[in-house]
Amino acid sequence: MEKKFAKKIQTSGHNLKNLFLLFLLPLLFVFTFDNVYGHGIGSETFPPVNFDGKQVTLEVSSSQSDPEANDDQQISISLIDFDSKITLRDVTFHIKSEKGSQFLFEQEFKADNGFLVFNFVSEDTDSIILEEENESNLFGSLLGLDSRLIHVKGPKLSDGGLYKFDISILTADGYSDTLEEPLEFNAGISIAQTSRHDFVDPNFGDQNIHVITYYDEISDFEYDSDSKEISYSMPFEWSYANINQTSVVHQELVIPKAFGDLRVSGFTMYINGVQLSEDVATIDDFFADGRIVHSIIYQTELFKVLENGSNENGMNFVIKPDRNYPHLSSVTENGQFRILVSWEPENLKSGSDAKILFDVTDVFLKNKPVSTNYEFSVTQNNKVISHQNGISTDSREEHNVAEFMVPQDVSGIVNLNFYNLDNNDLARTTIPIVIDRITPQKEITIPDWIRNNALWWSEEQIDDSTFVQGVEYLIKKQIIVIPTTQQQDSQSQEIPSWIRNNAAWWAAGQIGDNTFVQGLEFLIQKGIIRV
C-alpha cells in the first residue's frame, strides 16, 4: 500500500509534555553538548561546518515523552552555534524521515528558535499522519522559545528501532536568506526495541529469550537446542559510507537463569559467517531473574564483516557458546563469588556415577580462585540427592570435586546449589543441569547425486584426501545433514576398508542412508573428517 501523509494543525490544548519542553529549552543555551557522532546510538552531534563565518552543528537526540503514561518516542533536532552553544533562529529544515525501510514523511519545517521536536505515536492507521502543535506560554514568549511539536502517527512508530533523517538546512538566521548551498546532514537515531521469543526446549521446557536492539528490528529468530545456537537477522546497509556514520551496533539478549543450557561462561558471535572479536559479547549476571548478554559492535568489527562476509541480506547473527569455556557460570546473590561448573561424564545418566567439578572465584579479584568455606547440594523438587561442605581450593590447576550416585528414579532437571559461602547467607546461587538429556535427532539428508562421488571413491577413481575434503565441504554447507557428532584428535588419517565397502554398497542402493552415515560419523569421531 502506498504511504500517504496528511497535515493537521492544532491550535489549542496544552499538555504536560509541551510545558516540560518549554522549561527545558532555555537549558539548551546553558549546558554543553557532548560530541557524539554516528548512527546506531540515542543521540548524534555532527562535526561543525562553516556557516556565514561561524561554526554550526546539528544535534539530534531521543527521549521518551512520558514513560509512565505511554510509549511515545520523541526525537529533537536543533541547529546550534558550535562555540556559543546557542540555537540559531529562523531555521528552515527540509526533512525526509524513514523508520528502518519504512518511508515516513518528507516536508519543510520552519523553526523560529531552530528547534524541532517530533513525537512518534503508534496508531492503527492506513497512512502516516503529521499533526503539528504551535504553542506558547508567557515563559516561552518572553524568551522567544515557543515550542514546536510535530506528532507523527502511524503503525508501530513508538516500538523503537532505527529512525533515519535526511536533513537539509535551507535558511538560518533569517527566513528570507535562502542558502545557496543547503547544509546537508544524514542522521540515524536508535531507540531500544524489545522482542520476546518463546520456544520449547526438549530438556528445559517452555523458555523465552528477549532481544533488545538499539539499531533496527530483528526477524527470523531461531534457537537450536542441539547446538545451543541463537540466530536472527536485522537490516543493515553494507557500505563504507554507512559504516563510517555508524558508531556502534548495540544489542542485548535477556536469558532466564532457569535455562541451564545457556548458563555458559562465554559466547561467540558471528555476523554473516564472520567471527567477531571475543570481547564483543559480554555477560552480565548481576540481575535476579535473567542474565544479559551485551554485544557492542564497533566500526572495526563492521569493516571486518564488510570485507570478509557475504553481505547482501543485512546482518545474519549467530550467537553460540564459546568452546574455549565449556563450563557453566553463575554469580552469587551478593555479587561476590562466581561459580564455574562442569561435570563428568558429559551426559549424566540415572543410576550412574556423577562427578561435579567446580571453582569458587572472587569477582572483585578478577575471578581469581579463592579458598573459602562452602556448602553444596544436589536437589530435585526439594529432595536432597547429595550434600557436602568444605573449603574451596585457590589453585588454578585443581578443581573442587563432588561425587555421587544419581538415583535410578532421578531424571530431568536437577539443581546444583552453592550456598553459605564465606558464612554469608546471601552468597548463594543455583545452576540447573539435566540428567538423561534428550538429544533431538536431526533428519539425515543426502542428495542422490552424491552417490556418484561415493562410487568413484570406492573404485579409487578419486583419492582419500579428495573424498574427505568433499565430504567436509558438503557437511559444512549443510548439503549433507547428519546428527551432531563428538570429535576426537587422532594421529591416524587412514580410512578403514569397511567404510569404502559401505560407500560402494550405498552407491548401489544395497544399504540405506543411516548405515552410510554411520561411517561418516566414525570418520568425524576419529578426526579424519573435520567439521
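Predicted, not measured: the structure shown is a model, and the values here were computed from it.

*Asks:* What exactly am I supposed to notice about the overall build of the chain here?
*Replies:* Within the chain, the secondary structure is distributed over 8 helices and 31 strands. When each of the 531 residues of the chain is scored for burial, the buried share is 49%. Taking contacts inside the chain between residues at least 6 apart in sequence as the whole, the part at least 24 apart equals 66%. Carbon and sulfur atoms provide 47% of the accessible area of the chain, an area that totals close to 26500 Å².

*Asks:* Can you walk me through the sheet that holds strand β31 (residues 429-435) in this structure?
*Replies:* Hydrogen bonds along the backbone pair up the strands of a sheet, which may run parallel or antiparallel. Pairing within the open sheet is antiparallel, and its 4 strands lie in the order β28-β27-β30-β31. The open sheet is flanked by β28 (383-391) and β31, the only strands paired with a single partner. Direction aside, the axes of adjacent strands within the sheet are offset by 20° on average. Bridge analysis of strand β27 (residues 373-380) against β28 gives 8 bridges, and the strand direction is antiparallel. For Tyr374, the partnering residue across the bridge sits in β28 and is Gly390.

*Asks:* What's the story with the pattern of salt bridges in this structure? I'm lost.
*Replies:* Close approach of charged atoms allows side chains with opposite charge to pair. Under the definition given, this model contains 17 salt bridges. A salt bridge links Lys320 to Glu229; the nearest nitrogen and oxygen atoms lie 3.7 Å apart. Highlighted residues: Lys320 in strand β22 (residues 315-321) and Glu229 in strand β16 (residues 229-234), separated in sequence by 91 residues. A residue is classified by how much of its surface remains accessible, and Lys320, at 24% relative accessible area, is partly exposed. Across the pair Asp425 and Arg428 runs a salt bridge whose closest N-O atoms are separated by 3.5 Å. For Arg428, a relative accessible area of 30% puts it in the partly exposed group. Within the structure, one salt-bridge network assembled from shared partners comprises Glu123, Glu131 and Lys153.

*Asks:* Hey, could you run me through the side chain of Thr57 in this one?
*Replies:* Along the polypeptide, Thr57 turns up in strand β4 (residues 54-64). Excluding its chain neighbours within four sequence positions, the residues that come into contact with Thr57 are Thr45, Phe46, Pro47, Pro48, Ser78, Leu79, Ile80 and Phe82.

*Asks:* Can you walk me through the confidence of the model for the chain in this structure?
*Replies:* Detailed reading of predicted coordinates is not advised where the pLDDT is low. For the chain, the average pLDDT comes to 83, and 84% of its residues sit at 70 or higher. This model gives residues 137-145 a pLDDT under 50, and the stretch forms 17 contacts once residues within four places in sequence are excluded.

*Asks:* How do you make sense of the packing of helix α7 (residues 497-507) against helix α8 (residues 513-525) when you look at a structure like this?
*Replies:* Between two packed helices, the angle of one axis relative to the other and the distance separating the axes together describe the packing. Axis separation between α7 and α8 bottoms out at 10 Å; the angle between their running directions is 150°. The angle between α7 and α8 places the two elements in the roughly antiparallel class. For the crossing formed where α7 meets α8, the hand is left-handed. When α7 is examined against α8, the residues Trp498, Ile499, Asn502, Ala503 and Trp506 are found in contact with a partner set consisting of Asp513, Thr515, Phe516, Gly519, Phe522 and Leu523. In terms of residue class, the contact of α7 with α8 is built from 7 nonpolar, 3 polar and 1 charged.

*Asks:* What is the right way to read the pairing of strand β11 (residues 161-171) from this model?
*Replies:* Looking along a regular strand, one sees the side chains alternate between the two faces of the sheet. Along β11, 9 of the 11 residues are buried, which leaves the element largely enclosed by surrounding structure. Two elements, strand β6 (residues 91-99) and β11, share 8 bridges in a ladder whose sense is antiparallel. Among the inter-strand pairings, His94 is bridged to a residue of β11, identified as Ser168. Bridging between β11 and strand β12 (residues 178-191) involves 10 bridges; their strand directions are antiparallel.

Rules of the game
Residues numbered from 1 in each chain as written. Predicted model: local features only at pLDDT ≥ 70, side-chain atom pairs only at ≥ 80, totals over all residues. Heavy atoms only, no water. Helix = DSSP H or I, 4+ residues; strand = E, 2+ residues; numbered from the N terminus. Buried < 20%, exposed > 50% of the residue type's maximum accessible area, 1.4 Å probe, protein only. Contact = heavy atoms within 4.5 Å. Areas by Shrake-Rupley, 256 points an atom, 1.4 Å probe, with all protein chains shown as cover. Pairing = 2+ DSSP bridges. Axes fitted to C-alpha atoms, helices over the stretch in contact; angles between N-to-C directions. Salt bridge = Lys/Arg side-chain N within 4 Å of Asp/Glu carboxyl O. pLDDT = per-residue confidence, 0-100. Parallel < 35°, antiparallel > 145°, perpendicular 65-115°, else oblique. Left-handed = near helix turned anticlockwise from the far one by under 90°. Nonpolar A, V, L, I, M, F, W, Y, C, P; charged D, E, K, R; others polar.

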